[in-house]
Amino acid sequence: MSAIILLSVLFALAYGQAASYCIPTEYTMYVDRRECAYCLTINTTICAGYCMTRDINGKLFLPKSALSQDVCTYRDFTYRTVEIPGCPHHVVPYFSYPVALSCKCGKCNTDYSDCIHETVKTNYCTKPQTFYLGGFSV
């Protein structure tokens, strides 16, 4: 009987890690600078998904550093830079953005991630759009 319980516990632990679903996901962002004539639509990848988290009941007895939870974050990423068309000469027309290459469940690193989830209020274009297709603007 104890072997069945042990196997059940091992299966539950293995399933918990397999149930984490943190992968690079397609995301469309809009770059709309006030000074420029066009809004740039960029298709990129971000880390998104679900990470297994265990919340303990003894929160009052532990230091705050022990209470952090795992989030879906970048394992490996790169930056790409694009030029926003229609900008006057006195405006720097370049915009850099991250591209997720691989993701992991782990602690949120504030060196390269925004660890606070806030709603994007203007994730749309207010000007004529131009699309970025991997190396040049269309």
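Scroll up to find the structure this text is about.
The paragraphs below set out a description of the structure included in this document. (Residues numbered from 1 in each chain as written. Predicted model: local features only at pLDDT ≥ 70, side-chain atom pairs only at ≥ 80, totals over all residues. Heavy atoms only, no water.)

What follows is about the overall build of the chain. The number of helices and strands found in the chain is 1 helix and 5 strands. Moving toward the C terminus, one meets the helices and strands of the chain in the order α-β-β-β-β-β. By the burial criterion, 22% of the 138 residues in the chain qualify as buried. The contacts in the chain between residues at least 6 apart in sequence include a share of 68% that link residues at least 24 apart. Approximately 10,200 Å² of the chain is accessible, and the part contributed by carbon and sulfur atoms is 58%. (Helix = DSSP H or I, 4+ residues; strand = E, 2+ residues; numbered from the N terminus. Buried < 20%, exposed > 50% of the residue type's maximum accessible area, 1.4 Å probe, protein only. Contact = heavy atoms within 4.5 Å. Areas by Shrake-Rupley, 256 points an atom, 1.4 Å probe, with all protein chains shown as cover.)

Before going further, it helps to spend a moment on the side chain of Thr-44. Relative to the elements of secondary structure, Thr-44 occurs in strand 2 (residues 39–50). The class of Thr-44 is buried, set by a relative accessible area of 5%. Side-chain polar atoms of Thr-44 contact the backbone oxygen of Pro-98, separated by 3.1 Å. (Polar contact = N/O pair within 3.5 Å; in protein donor to acceptor, adjacent residues only side chain to side chain.)

For the rest of this paragraph, the subject is the nonpolar core. Core analysis: the biggest nonpolar cluster contains 11 residues, these being Met-29, Val-31, Cys-36, Leu-40, Ile-42, Val-82, Ile-84, Cys-87, Val-91, Tyr-97 and Val-99. Those residues in contact with Val-99 that lie beyond four places of it in its chain are Thr-44, Thr-45, Asp-76, Phe-77, Thr-78 and Arg-80. Residues Cys-22, Cys-72, Tyr-74 and Ala-100 belong to the second largest nonpolar core, which totals 7 residues. (Core = buried A, V, L, I, M, F, W, Y, C linked by side-chain atoms within 4.5 Å.)

Here we take up the state of the cysteines. In a disulfide, the sulfur atoms of two cysteines are held together by a covalent bond. Using the criterion set out here, one finds 4 disulfides in the structure. The disulfide that involves Cys-22 links it to Cys-72, with 2.1 Å between the sulfurs. On the sign convention where negative means left-handed, the S-S torsion of about 90 degrees between Cys-22 and Cys-72 marks this disulfide as right-handed. Placement of Cys-22 in strand 1 (residues 21–32) and of Cys-72 in strand 3 (residues 71–83) is noted, with a sequence separation of 50 residues between them. (Disulfide = S-S within 2.5 Å.)

Shape descriptors only; they carry no functional weight alone.
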